[in-house]
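# Observations on chain architecture
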Amino acid sequence: MLLSKYFLPVLKEAPREAEIISHQLMLRAGMIKQQSAGIYSWLPLGLKVLRKVEQIVREEQNRAGAVEVLMPTIQSADLWRESGRYDDYGKEMLRITDRHERDMLFGPTNEEMITDIFRAYVKSYKDLPLNLYHIQWKFRDEVRPRFGVMRGREFFMKDAYSFDLDEASSRAAYYRMFVSYLRTFDRLGVKAIPMRADTGPIGGDLSHEFLILADTGESEVFCHGDYMKLDVPGAGLDYSDDDAIAGIVNDWTASYARTDEMHDEALWGEVASGDQMNARGIEVGHIFHFGQKYSEPMGAKVTGPDGKDTPVYMGSYGIGPSRVVAALIEAGHDDNGIIWPASVAPFDVGLINLRPGNEKTDTACGSLYDQLTNAGFDVLYDDTDNRAGGKFALADLIGLPWQLIVGPRGLENGEVELKERATGERESLTMEAAVNRLTEWQSATRARFGG
Ligand code: P5A
């Protein structure tokens with residue numbers, strides 16, 4: 001992509017209403033634009049990151065056996081009357097009346113709708129287990145939308161719903177999602193710690209939140225230092241092995257980890273003080289096990305092997321990709337801007353031409369651009385007339401993993417400069433060596449973060 005042809009409306013200063021760094025940087029880097037309180041447009045750079053996050057989430061859901069569907073954003077109030085949540089949900093629900101005076105709503109979540117789909121088609125235990133998910137916009141009329149897309153009113157959610165014949169298989173389904181979340185966040189390049197959680201308006205008896213540690217996080221967290229050392233299962237994991245999956249969940253729940261909402265001072269006191277980590281965190285995922293809470297009132301039953309009908313056991317599993325984008329910035333930035341994890345960076349390389357119009361630099365940049373693009377790199381080529389200082393500042397701000405800097409002076413010695421954003425390290429090397437370095441990084445990144 002040529003920067004001169006792209007749409008990257010960067011701001012010199014962050015608008016004053018942006019209180020936290022991710023919101024400031026997303027506005028400054030031209031990733032999002034506010035349209036009303038808590039409602040945002042995603043501009044090209046932001047959309048690219050959002051799509052990459054979404055794709056990793058999707059791949060890990062599929063790997064864990066979930067099947068993708070797409071439900072609408074607008075739902076009928078009648079479905080929610082069946083579960084009893086229409087009145088309970090209160091003012092957070094955006095209620096809409098259509099031209100026929102029918103009560104509709106903009107979905108804040110989809111437990112009712114998925115239960116309706118299930119009951120329309122599935123009648124026998126032989127079709128279980130089943131896990132259906134979608135990735136769709138939600139709306140919650142939060143009292144105080146703030147922090148940009150971190151706590152929006154309209155936000156993107158991956159929500160999965162599991163259906164099982166009995167409590168034991170339903171727990172196994174919960175554990176599969178638990179483990180798939182460990183893998184998902186690992187591939188997103190962050191450490192997310194599962195913590196015992198409250199179930200709130202979704203309901204149920206078992207729930208975990210996944211939190212990314214960051215100083216600006218809304219929740220205070222208390223967790224054992226062991227969580228920093230635990231291994232995340234690799235891509236070869238066998239999701240059909242219930243015992244192995246339960247073993248992984250056991251390892252990841254053995255030590256104390258709770259947010260302030262569920263904190264228990266007495267249990268915390270049993271953790272050696274040298275192992276106690278008291279930090280702040282951002283909730284990026286939340287999973288629930290609620291058995292027959294929706295299936296019973298909504299009549300979603302299956303016939304078991306004994307010929308009897310039972311309401312199906314369910315769980316629901318959420319990740320907020322739009323919040324994840326902001327959380328990754330909270331966890332990865334410095335004074336100059338964003339530092340993206342390799343797996344979700346909007347581009348891999350920023351190619352900087354220090355003297356557009358100079359035949360030598362233009363030719364070298366053209367050749368590097370073609371070579372890298374052909375090798376599967378996503379390259380943003382700064383071919384604009386801006387001053388060098390401005391180009392460097394922009395590259396740092398948008399946080400691409402690499403900057404490849406090409407100027408007439410370096411080229412006289414046959415050299416270009418390669419800068420790694422995360423470390424700030426710069427190296428002068430030949431064009432060929434630069435492409436080789438980037439190719440090595442690309443293979444290492446694929447091995448580390450790829451499916
Ligand atoms: C689980 C899936 C649910 O709604 N029903 C379907 C369950 N859970 S949840 O915890 O309420 O939300 C799941 C994830 O969505 C993100 N999220 C938000 N992101 C941005 N702005 C918001 N206002 C917002 N509310 C929830 C979070 O990542 C949360 O973990």
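Please read all numbers here as calculations on a predicted model, not as lab measurements. Each residue is numbered by its place in its chain's sequence as written, counting from 1. With the structure being a predicted model, the display of local features is reserved for residues of pLDDT at least 70 and the display and counting of side-chain atom pairs for 80 or more, all residues being used for whole-chain, interface and lining totals. Excluded from the side-chain calculation are hydrogens and water; included are all heavy atoms of the structure.

### Describing helix 7 (residues 242-253)
Just so we agree on the cut-off: Here a strand is any run of E in DSSP of at least two residues, a helix any run of H or I of at least four, and the numbering for each starts at the N terminus. Multiplying one less than the number of residues by 1.5 Å gives the expected span of a helix. The cut-offs for exposure are 20% and 50% of the maximum accessible area for each residue type, with area from a 1.4 Å probe on protein chains only; residues under the lower value are buried, those over the upper are exposed, and the others partly exposed. The reported arc concerns the directions from the helix axis to the C-beta atoms and nothing else. In what follows, a contact means two residues having at least one pair of non-hydrogen atoms within 4.5 Å.
Between its first and last C-alpha atoms helix 7 spans 16 Å; for 12 residues at 1.5 Å apiece the expected length is 16 Å, and the two agree. Taken residue by residue, helix 7 has I245, I248, V249 and W252 as its buried positions. Considered in projection along helix 7, the buried side chains sweep an arc of 100° and stay on one side of the axis. Buried residues along helix 7 sit in contact with helix 6 (167-187) and strand 9 (192-196).

### Some points on the pattern of salt bridges
How we decide: The term salt bridge refers to a side-chain nitrogen of Lys or Arg lying within 4 Å of a carboxyl oxygen of Asp or Glu.
Using the criterion set out here, one finds 30 salt bridges in the structure. Across the pair R153 and D141 runs a salt bridge whose closest N-O atoms are separated by 2.8 Å. Residue R153 is located in the loop between strand 7 (130-139) and strand 8 (154-164), and its partner D141 is located in the loop between strand 7 and strand 8; the two are separated by 12 residues in the primary sequence. Judged by its relative accessible area of 18%, R153 falls in the buried class. Of the charged contacts, one joins R421 and D334 as a salt bridge, the two residues approaching to 2.8 Å between their closest N and O atoms. One end of the pair, R421, is in the loop between strand 22 (415-420) and strand 23 (426-430); the other, D334, is in strand 17 (residues 333-334), with 87 residues separating them in the sequence. For D334, a relative accessible area of 27% puts it in the partly exposed group. The network of salt bridges with shared partners includes E59, E60, R63, R183 and R187.

### Description of the site of the ligand
Going by this rule: Consider each residue's heavy atoms; a residue with any of them within 4 Å of a molecule or strand counts as near. Polar contacts, as used here, are pairs of N or O atoms within 3.5 Å; protein pairs need one atom able to donate a hydrogen and one able to accept it. Residues neighboring in sequence count only if both atoms are side-chain atoms. Accessible surface area values rest on a Shrake-Rupley calculation with a 1.4 Å probe, where residue burial reflects the displayed protein chains alone. Residues are sorted three ways: Asp, Glu, Lys and Arg are charged, Ala, Val, Leu, Ile, Met, Phe, Trp, Tyr, Cys and Pro are nonpolar, and all the rest, Gly among them, are polar.
Taken together, 23 residues are adjacent to the ligand, and E111, R140, E142, G152 and E283 come closest. A distance of 2.8 Å is found between a nitrogen atom of the ligand and a side-chain nitrogen or oxygen belonging to E111. Here an oxygen atom of the ligand sits 3.0 Å away from a polar atom, N or O, in the main chain of V284. When the ligand is considered free in solution it has 600 Å² of accessible area, and contact with the protein chains removes 95% of it. Elements that contribute at least two residues to the shell around the ligand include exactly strand 8, strand 13 (276-291) and strand 16 (313-319). In terms of residues, the shell around the ligand owes the most to one element, strand 13, which gives five residues. By residue class, the composition of the shell around the ligand is nine nonpolar, seven polar and seven charged.

### Quick word on the packing of aromatic side chains
Stated formally: For Phe, Tyr and Trp, rings pair up if their centres lie within 6.5 Å, where Trp contributes its six-membered ring, and each pair is then called stacked (planes under 30 degrees apart), edge-to-face (over 60) or tilted (otherwise).
Per the counting criterion, the structure on display carries 17 aromatic pairs. Ring geometry for Y174 and Y317: centres 6.1 Å apart, planes at 55°, overall tilted. Placement of Y174 in helix 6 and of Y317 in strand 16 is noted, with a sequence separation of 143 residues between them. A centroid spacing of 5.5 Å and a plane angle of 75° characterise the contact between F222 and W268, whose relative ring orientation is edge-to-face.

### Focus on the sheet that holds strand 5 (residues 94-97)
To keep things clear, this is the line we draw: When DSSP locates at least two bridges between a pair of strands, those strands are taken to pair. Every axis corresponds to a line fitted to the C-alpha atoms, with the helix fit spanning only the stretch in contact, and the corresponding angles, defined between N-to-C directions, vary from 0 to 180 degrees.
The strand order across the open sheet built from three strands is 4-6-5, with neighbouring strands paired in antiparallel fashion. The open sheet has two edge strands with one neighbour each: strand 4 (74-76) and strand 5. Within this sheet the neighbouring strands show an average axis-to-axis angle of 40°, counted without direction. Bridge count between strand 4 and strand 6 (residues 103-106): three bridges; the pairing is antiparallel. Each residue of the ladder has a partner; that of I74, found in strand 6, is F106.

Spatial relationships are all this shows, so hold off on functional conclusions.
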